[in-house]
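# Reading the structure
As a plain string of letters, each chain reads:
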Amino acid sequence: MTLETSVNESIIGDFLNFNRNIAEIPSRISVPHEVKMDTCEYDVVYKEDRIRMLHYKPLTSKQIKTPLVISYAIVNRYHIFDIDSKKSWIRNLLESGIDVYMIDWGTPSKMDKFLGFDEYVNDYLDNCIENVCDRSGVNKVSLQGYCTGGTLAAVYSALHPEKVKNLIATAPIIDGWKDTTVISNIAKNFDVDKMVEVIGNMPPEFIYYCFSILKPFEQGIEKYLKFFQNLENEKYVNSFLKIEKWLAETPPIPGELFKQWIKGIYQENLLVQDKMFIGNQHVSLKNITMPVFTQVAVGDHLVSPECSMPLHYAVGSNDKNLEIYPTGHVGMIASSYSQKNILPTLTKWIKTRSD
Amino acid sequence: MERPLDNMFDYYKHTSMFWNDMISMMSSKPASLTAVGPLRNFTENIKKISQELIESNQEIVDFNTYLMEYYKQLGETWADSQKKVMSKISEIPQDTESTEAYKRIWIDMFENDFTQLFDTESFSKNYNKLVSTEMQLLKRWNTIMDIMLKSANMPTKEEIDEIYQELFNLKKRVKKLDSLKKRRDVESDS
C-alpha cells in the first residue's frame, strides 16, 4: 500500500520565495544599526549630565510664541516622535508653527543609579524649562509628556504650576492599580528593592523581557515573517528597520527612579491617592490648574486607558480635555492615524491656549 | 550539642558548615606558617567563599523550582493553544489562502492564551520569585567577587557604590551652590 500526500504548488512557491529572500537579504538592505533615525533638523541647546535638550529648527515663518517642551519617556529613545517624515509628530507640530523642544534623557551610567523623581523633575526638567523660558523670553511653556514622561510632566506641573501654560499628557502612567496590562501584573509583585540593591540601574535586558510578553506572537514572530515577505517593498523595509533600531536602543533606567516608579505608582499608587512626596514636597494633582489635554488610546497594551484617564478627573483645572483614540501606544504618536486625527486637534488646542 | 535538623537539606548545610569551619580552624596554624604575610588572606578567603557557596545551595534549589514552574506554565499554555489550533484548522482546506488563515488562527490563539497567562497572579508571583532568587544568587556572586577583589587590593562593589553615592551628593551640593550663586548675581545686578 502506498501513501500519497499532495501539497499545493503555490505553498511550495511561497516557501521557496521566503527562503530566497532570507538568503538575499544582506545584499539588499542596509545594516539595521546604520539606519538614520531623525528627519527634522535640531540644535542641542542645553546639556546637563547625560541629558540633552534639542531645539528643532522652525519650518514656518509664522510661529506662536509659547514654546512646547516634550518630555519623552524614560524607556526607549525620543526618535519615535520623528522616525518617518510622513508620520512625524515633530514635523507636524513644526509645520503648524509651534516652537518645539525635546528632552533626551540620555543613557544613564552606573554612577546615575541614585537619580530619582526629585532629580528628574526638580532638577533636569526644571532646568530645561528655565532654559527654554530664557531663550524664548517667556515665563511659561506648554509641556507635553509621553508615557512615563507624561507622569514626569504631570508631577512637574503639580509642583511648578507657575511655569506651565498648558499640559498635554499622552498615555501617562497615573493610576497603577487600574492598569490592566501584563506589565502592571508583573510590577505588582516585583521585588524592586532587591533588584536595585544588586544590579543598580534597571538593565535594558529586563525591559526587553517586559516588551516580549506584550503581544509575544504578533511582535515576536508575525512581524518578522511579514518583514521577510515584504523585502521588495523599500518603504516597508525602511520603516521596519527604523522601528527595530528604535526598539533596540533602550537605555537602562536609574535604579532609584525605577524603584520609586514601581513602588510609588504600581504598588502603592501614591500619585492618584494624593500621597506622593518628592524631595519633601507634596505632589497634589489638584495643583494642576492650567489647561490640560489628556490623550489615551483604546488599544494601548503598555499603558491601559484606565491607568491614564484618572489624570483628567484628578487635576484642578477647569479647562480640561480628554480624548480617547482607537489606536495603540505607538500608533498614537507615530502613525498615519495620528497625523490625520490626533495632531490636528492637538495643534488647534495648543494654538488657542498659547501667546 | 545536638541541633534539630528540619530536613535533609538543613542536615547537609549544617554538615558542610561544620566541616568548613573545622577545616579552617584546624588548618589555620599550618596555613599561617606556609602562607606568609598578605598571602594569609587567601586561606581566610577560602573559608568565606565556601560559606557563601554553601549558603547559596538553598537558593539554587529554589531558583530551579521557580524556573521549572515558569517553563511548566509556558509549556502547558503552549500545549493548550496548540490543541485549540488543531481543533480549528481541521476544517480548513489546503491552499495558499488557507495557509494565511491557519497562520492567523495560530497567532491569535497563542497571543490570546499567553496574554491570559501573563495576566494571572500565579504567573506574576512565580516569575517575581524567580527573579528575586536570581538576584539573591547574584548577590552571593557579588560577595564572592568582593572577597577576591579585596585580596587583590582592588575596590569592591560596596566601596565603588560608596564613591558613586559620594559623587552624587557632591554633584547635588555643587548644583545647589551654583543656583544660589546665580540667584545672588541676578539680585546684585538688579
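The notes below deal with the structure included here. All of these numbers come straight from a predicted model, not from anything done at the bench.

## What to know about the overall build of chain B
Within chain B, the secondary structure is distributed over six helices and zero strands. Tracing chain B from N to C terminus, the helices and strands come up as α-α-α-α-α-α. Across the 190 residues in chain B, those meeting the buried criterion constitute 26%. The contacts in chain B between residues at least 6 apart in sequence include a share of 74% that link residues at least 24 apart.

## Details of the sheet that holds strand β9 (residues 292–297) of chain A
Residues and elements named next belong to chain A. Here eight strands make up an open sheet; going across it, the order is β1-β2-β4-β3-β5-β6-β9-β10 and the pairing mixed. Each edge of the open sheet is held by one strand with a lone partner, namely β1 (42–48) and β10 (320–325). Averaged over neighbouring strand pairs, the angle between their axes works out to 20 degrees when direction is ignored. Relative to strand β4 (residues 100–104), strand β3 (residues 68–71) runs parallel, the two being bridged by four bridges.

## Here we look at empty space enclosed by the protein
Overall, the coordinates contain four cavities of 30 Å³ or more when judged by the stated rule. By volume, the largest cavity amounts to about 120 Å³. Considering the residues around the largest cavity, the lining is formed by 13 residues, among which A:D49, A:L115, A:Y124, B:F168 and B:K171 are closest to the centre. Of all the secondary-structure elements, those providing two or more residues to the lining of the largest cavity are α3 (117–136) of chain A together with α6 (157–189) of chain B. Counting residues per element, the lining of the largest cavity draws most heavily on α6(B), at six residues. Its residues placed into classes, the lining of the largest cavity shows six nonpolar, no polar and seven charged. When its volume is computed, the second largest cavity comes out at roughly 50 Å³. Lining the second largest cavity are A:Y72, A:A73, A:I74, A:N76, A:R77, A:Y78, A:I103, A:D104, A:W105, A:G106 and A:P251. A per-class count over the lining of the second largest cavity returns seven nonpolar, two polar and two charged.

## Some details on the interface of chain A and chain B
Across the boundary between the two partners, chain A contributes 41 residues, which contact 39 residues of chain B. Taken together, the two surfaces of chain A and chain B that pack against each other cover about 3500 Å², and 56% of this comes from carbon and sulfur. Broken down residue by residue, the surface that chain A buries against chain B is led by A:F114, A:V198 and A:F217, which jointly contribute 20%. Along the contact surface separating chain A from chain B lie eight salt bridges. Here B:D161 and A:K113 are joined by a salt bridge, their closest N and O atoms 3.0 Å apart. The interface formed by chain A and chain B holds 21 residue pairs in polar contact (both at pLDDT 80 or more) in total. Of all the secondary-structure elements, those providing two or more residues to the side of chain A that touches chain B are α1 (9–28), α3, α5 (182–188), α6 (192–199), α7 (204–212) and α8 (216–229) of chain A. Of the residues that constitute the side of chain A that touches chain B, the class distribution is 19 nonpolar, eight polar and 14 charged.

## Describing the packing of α6(A) against helix α10 (residues 255–267) of chain A
Geometrically, a packed helix pair is captured by the angle between its two axes and the distance between the axes. Residues and elements named next belong to chain A. Look at α6 against α10: their axes get within 9 Å of each other, and the N-to-C directions meet at 175 degrees. Considering the angle they form, α6 stands roughly antiparallel to α10. Along the contact surface, α6 presents V192, D193 and V196, while α10 presents G255, E256, F258, K259, I262 and K263. Looking at side-chain class alone, the contact of α6 with α10 contains four nonpolar, one polar and four charged residues.

## Some remarks on a negative patch on the surface
Residues and elements named next belong to chain B. On the surface, E158, E159, E162 and E166 cluster together into a patch of negative charge. Assignment of secondary structure puts E162 in helix α6. According to the relative accessible area criterion, E162 is exposed, its value standing at 51%.

## Observations regarding the layout of surface pockets
Reported here for the second largest pocket is a volume of approximately 980 Å³. Elements supplying a minimum of two residues to the lining of the second largest pocket: β1 and α3 of chain A together with α6 of chain B. When residues of the lining of the second largest pocket are assigned to their parent elements, the largest contribution, ten residues, is made by α6(B). Classifying every residue of the lining of the second largest pocket by side-chain character gives four nonpolar, five polar and 13 charged.

Cut-off values and rules
Residues numbered from 1 in each chain as written. Chains lettered and ligands numbered in written order. Predicted model: local features only at pLDDT ≥ 70, side-chain atom pairs only at ≥ 80, totals over all residues. Heavy atoms only, no water. Helix = DSSP H or I, 4+ residues; strand = E, 2+ residues; numbered from the N terminus. Buried < 20%, exposed > 50% of the residue type's maximum accessible area, 1.4 Å probe, protein only. Contact = heavy atoms within 4.5 Å. Pairing = 2+ DSSP bridges. Axes fitted to C-alpha atoms, helices over the stretch in contact; angles between N-to-C directions. 1 Å grid on protein atoms, 1.4 Å probe; cavity = no way out; pocket = protein on both sides within 12 Å on 5 of 7 lines; lining within 4 Å. Points joined across faces, edges and corners; volume = space filled by probe spheres on them. Nonpolar A, V, L, I, M, F, W, Y, C, P; charged D, E, K, R; others polar. Buried area = accessible area lost by both parts, 1.4 Å probe. Salt bridge = Lys/Arg side-chain N within 4 Å of Asp/Glu carboxyl O. Polar contact = N/O pair within 3.5 Å; in protein donor to acceptor, adjacent residues only side chain to side chain. Parallel < 35°, antiparallel > 145°, perpendicular 65-115°, else oblique. Patch = residues over 30% accessible without salt bridge, like charges linked within 9 Å, V, L, I, M, F, W, Y side chains within 5 Å. Areas by Shrake-Rupley, 256 points an atom, 1.4 Å probe, with all protein chains shown as cover. Lys, Arg positive; Asp, Glu negative; His and termini not counted. Charge placed at Lys NZ, Arg CZ, Asp CG, Glu CD.

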